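# Per-entry structural report
Residue-level listing of the chains:
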Amino acid sequence: MPGFIGGSFETATTYADQLLEISPINGYFAKGYIAEHDNQSKIARSYYLKAMELNNAEACQQDLQNFSLHKIDNLDAEKTAIGCQNFNRNQLNYLTGKVAAEYNIQNQRGIFYLQQYIKNFSPVDGVPLHYAFYRKAQLYKNLGDKKQAEKWINKSLELNNDFEKAFEEKTKIQAM
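Residues numbered from 1 in each chain as written. Predicted model: local features only at pLDDT ≥ 70, side-chain atom pairs only at ≥ 80, totals over all residues. Heavy atoms only, no water.

## Here's the deal with the overall build of the chain
- Counting its secondary structure elements, the chain contains 11 helices and zero strands.
- Along its sequence from the N terminus, the chain presents helices and strands in the succession α-α-α-α-α-α-α-α-α-α-α.
- Going through the 176 residues of the chain one by one, you find that 44% of them count as buried.
- Counting only carbon and sulfur atoms, one obtains 49% of the accessible surface of the chain, whose full area is about 9300 Å². (Helix = DSSP H or I, 4+ residues; strand = E, 2+ residues; numbered from the N terminus. Buried < 20%, exposed > 50% of the residue type's maximum accessible area, 1.4 Å probe, protein only. Areas by Shrake-Rupley, 256 points an atom, 1.4 Å probe, with all protein chains shown as cover.)

So, in structure tokens, the structure goes:
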């Protein structure tokens, strides 16, 4: 239940619609989140895709394609993300990576934004680092890179050895 913004789906949707007018990317992420928590995964996916399209500049895509996946983990965002939107809120870096991982879309881009989340992480961001590592493992698994997927799932488990989702993901990775 989206109690964090009103207590009902109707109220949450009203606020998300207002947010959409002010900040489309935040509005689409909010609408996706609401749909996801209302068990409407197809609708959630469509909103998440709209949010990601807002930051889908051709230059961003080209920059990401010019680097190998292993180099993405070590990029300096200011030097290599020309054309990519720099988010003022680090949570949007995580959300972009989460959506890419869960829906197996724009995986390289998801890795890039999760790296930015990790680089700029602070406790006020709201999502613990072990989740960011878990999402990176999912993205590498999506790309068929077992070695990197194992590296990141192990980092996740090092930070939280009770993380059930990470154990489930590790099993999937090992079966690759």
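## A word on the nonpolar core
- Grouped together as the largest cluster of nonpolar side chains are 33 residues, with contacts concentrated most on F29 and V99.
- Among the secondary structure elements, those contributing two or more residues to this core are helix 2 (24-37), helix 3 (41-53), helix 7 (90-103), helix 8 (107-119), helix 9 (129-142), helix 10 (146-159) and helix 11 (164-174).
- Setting aside residues no more than four positions away along its own chain, F29 makes contact with Y48, A51, L92, L95, T96 and V99.
- By size, the runner-up hydrophobic cluster in this structure holds five residues, among which are F9, A16, A30 and I34. (Core = buried A, V, L, I, M, F, W, Y, C linked by side-chain atoms within 4.5 Å. Contact = heavy atoms within 4.5 Å.)

## Quick look at the pattern of salt bridges
- A full pass over the atoms with the stated rule returns five salt bridges.
- Residue K98 pairs with E36 through a salt bridge whose shortest N-O separation is 3.3 Å. In this pair, K98 is assigned in helix 7 and E36 in helix 2, connecting sequence segments 62 residues apart.
- When its relative accessible area of 25% is taken as the criterion, E36 is described as partly exposed. (Salt bridge = Lys/Arg side-chain N within 4 Å of Asp/Glu carboxyl O.)

## Digging into helix 10
- Spanning 14 residues, helix 10 covers 20 Å between terminal C-alpha atoms, matching the ideal 20 Å at 1.5 Å per step.
- Along helix 10, the positions that sit buried rather than exposed are Q148, A149, W152, I153, S156 and L157. (Expected span 1.5 Å × (residues − 1).)

## Details of the confidence of the model for the chain
- Residue-level pLDDT values for the chain average 80, and 77% of them are 70 or greater.
- This stretch, residues 66-83, has a pLDDT under 50; its non-local contacts, to residues over four places away or in other chains, come to 37 contacts. (pLDDT = per-residue confidence, 0-100.)

## Side note on the packing of aromatic side chains
- This structure, assessed with the given rule, holds 10 aromatic pairs.
- Joined through ring pairs, the aromatic side chains of F29, Y48 and Y103 make up one cluster.
- In this structure, K155 is placed above the aromatic ring of F133, and the distance from its NZ or CZ to the ring centre is 5.6 Å. (Phe/Tyr/Trp six-rings, centres within 6.5 Å; stacked < 30°, edge-to-face > 60°. Lys NZ or Arg CZ within 6 Å of the ring centre and 35° of its normal.)

## Concerning helix 1 (residues 9-22)
- Helix length check: helix 1 (14 residues) gives 20 Å between terminal C-alpha atoms against 20 Å at 1.5 Å per residue, within 8%.
- Of all the residues in helix 1, the buried ones are F9, A12 and A16. Along the long axis of helix 1, the arc covered by the buried residues comes to 60°, so they all point the same way. Those residues of helix 1 that are exposed and angled more than 90 degrees off the buried face are E10, E21 and I22.
- Looking at the packing, one finds that the buried side of helix 1 touches helix 2. (Arc of directions from axis to C-beta.)

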